Amino acid sequence: MSTIAADTALAHVDLMDEDLFADGPPHELFARMRAEAPVLHCTTAEGGDFWSVTRAADISAISKKPDVFSSERSGVFIREGMPMPLDVLNQVILGMDPPRHVKYRGIVQMAFTPRIVAKQEEQIRGRIAHLIDEVCERGECDLVSALSVELPLQVIAELLGVPQEDRQKLFDWTHQIELSVSDPTVSGPEALGQIGLYLAEKVAHRRANPGDPNEDLTTALIQAEVDGEQLNDFEIAAMFGLLMFAGNDTTRNTISGGTLALIENPDQREQMLDDPELIDLAVEEIIRWVTPVMWFRRTPQIDTEIGGVPVKEGDAVVLWYASGSRDEEAIPDPMKFDVTRDRINHSGFGGGGRHFCLGAPLARLELQLVFPEILRRMPDMELTGPIGRSRSNWVNGFTSLPVRFTPTPRLS
């Protein structure tokens, strides 16, 4: 776990320094911030400044006041134009405020229905079985490349109607966007443009050759409307770009981080093996434990206060979801990984409110299906080498998780 010296003044800590996150989120630092300065004015080595909000209650309150704390005014990232220009970000619901956000989210929700998500279960099960078949006889693999990357990437490609043979370049583009949030030398706009051009062609084809809107997400998005308004091709392509990124990146890292948690907490792994009915609770605990997206920004529309601390109109306010998911005031014994934990108040899908993760049902479904198979077919998994982590203060990401287990036969 990343640490800083106990006598280091919090105001001197640069939370945009990726080195602080080399071993994952700096939870000891966040605990100190929650206790000493839950609303802390921070500066970066680059000269920027922002407010860090680390308590779950404050994160939730801000998330539920989009009229006061805007996603649209200055975007949801710290660096200007990273990972995309503001005018582009404002074309997707992530970078919108009400009333535009209400209308666009309503259109997308009409397409991204529980029925469409539920129809993915059979193909998800098949993909999990195939991916584990590819490594089960060897008794070892890098879980990130073998399963964590491939499963969500294949699922979202299927859902969006993207050929499976194109999934690697889509992964490369979305990974480039992820890196650009923390690394100004990586071009997020370039990758976003490539995704947009690629998906625009797919949208145009589907508009000319519609499928069943109850089964095909592209057709459903094209045909969905609220108050007589529909999305245009650019808006649909931008939405697909967001879904491709969010549906791939976050689930990938939750699978990796959740597997690591089960390896490091064998008593919890045994509980899940003994009682498969724990899976729904365990998935929520895994999402809490990992919290794959660690922060987003909001901008006050007026002079206001957070937790009694005055903040000015236009200030940058960063909501640290990674901290909210470990808040002692919201979660008993939050530094304990407990798959039996009930009624988990985590920030893994954001702090609630209008920007609650639209893809949460699909993510939960994938996680509820993959972890029982990991446990059933690789129950004695253990680490065989160092863990690779993304160099990022935004995504709690994994690049490598080398493991071994008792070899088992293929299912097909």
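Residues numbered from 1 in each chain as written. Predicted model: local features only at pLDDT ≥ 70, side-chain atom pairs only at ≥ 80, totals over all residues. Heavy atoms only, no water.

A. Inspection of the side chain of Ser-400 at higher detail. For Ser-400, the location among the structural elements is in strand 11 (residues 398-400). In terms of polar contacts, Ser-400 uses its side chain to reach the side chain of Asp-142, at 2.7 Å. Discounting residues that sit within four places of it in the chain, Ser-400 has contacts with Asp-142, Val-144, Ile-387 and Gly-388. (Helix = DSSP H or I, 4+ residues; strand = E, 2+ residues; numbered from the N terminus. Polar contact = N/O pair within 3.5 Å; in protein donor to acceptor, adjacent residues only side chain to side chain. Contact = heavy atoms within 4.5 Å.)

B. Focus on the packing of helix 6 (residues 121-136) against helix 8 (residues 150-160). Direction vectors running N to C along helix 6 and helix 8 enclose 145°, while the axes themselves pass 10 Å from each other. Once helix 6 is placed against helix 8, the crossing between them reads as right-handed. Facing helix 6, whose interface residues are Gln-123, Ile-124, Arg-127, Ile-128 and Leu-131, helix 8 presents Glu-150, Leu-151, Gln-154, Val-155 and Glu-158. Looking at side-chain class alone, the contact of helix 6 with helix 8 contains 5 nonpolar, 2 polar and 3 charged residues. (Axes fitted to C-alpha atoms, helices over the stretch in contact; angles between N-to-C directions. Left-handed = near helix turned anticlockwise from the far one by under 90°. Nonpolar A, V, L, I, M, F, W, Y, C, P; charged D, E, K, R; others polar.)

C. A look at helix 6. Between its first and last C-alpha, helix 6 extends 22 Å over 16 residues, near the 22 Å set by a 1.5 Å rise per residue. Turning to helix 6, its buried residues number three or more, namely Gln-123, Ile-124, Arg-127, Ile-128, Leu-131, Ile-132, Asp-133, Val-135 and Cys-136. (Expected span 1.5 Å × (residues − 1). Buried < 20%, exposed > 50% of the residue type's maximum accessible area, 1.4 Å probe, protein only.)

D. Quick peek at the environment of Gln-223. Checked against the element boundaries, Gln-223 lands in helix 11 (residues 217-223). As a C-alpha pair, Gln-223 and Ala-111 span 112 residues in sequence and 8.3 Å in three-dimensional space.

E. Focus on the pairing of strand 5 (residues 295-300). Most of strand 5 sits out of view: 6 of its 6 residues are buried. Residues of strand 5 alternate between two faces, with Trp-295, Arg-297 and Thr-299 on one and Phe-296, Arg-298 and Pro-300 on the opposite face, all of them buried. Pairing geometry for strand 3 (residues 69-70) and strand 5, over 2 bridges, is antiparallel. Bridge pairing in strand 5 places Ser-70 opposite Thr-299. Both strand 5 and strand 8 (residues 317-320) contribute to a ladder of 4 bridges, which runs antiparallel. Across the sheet, residue Trp-295 finds its bridge partner in strand 8, namely Trp-320. (Pairing = 2+ DSSP bridges.)

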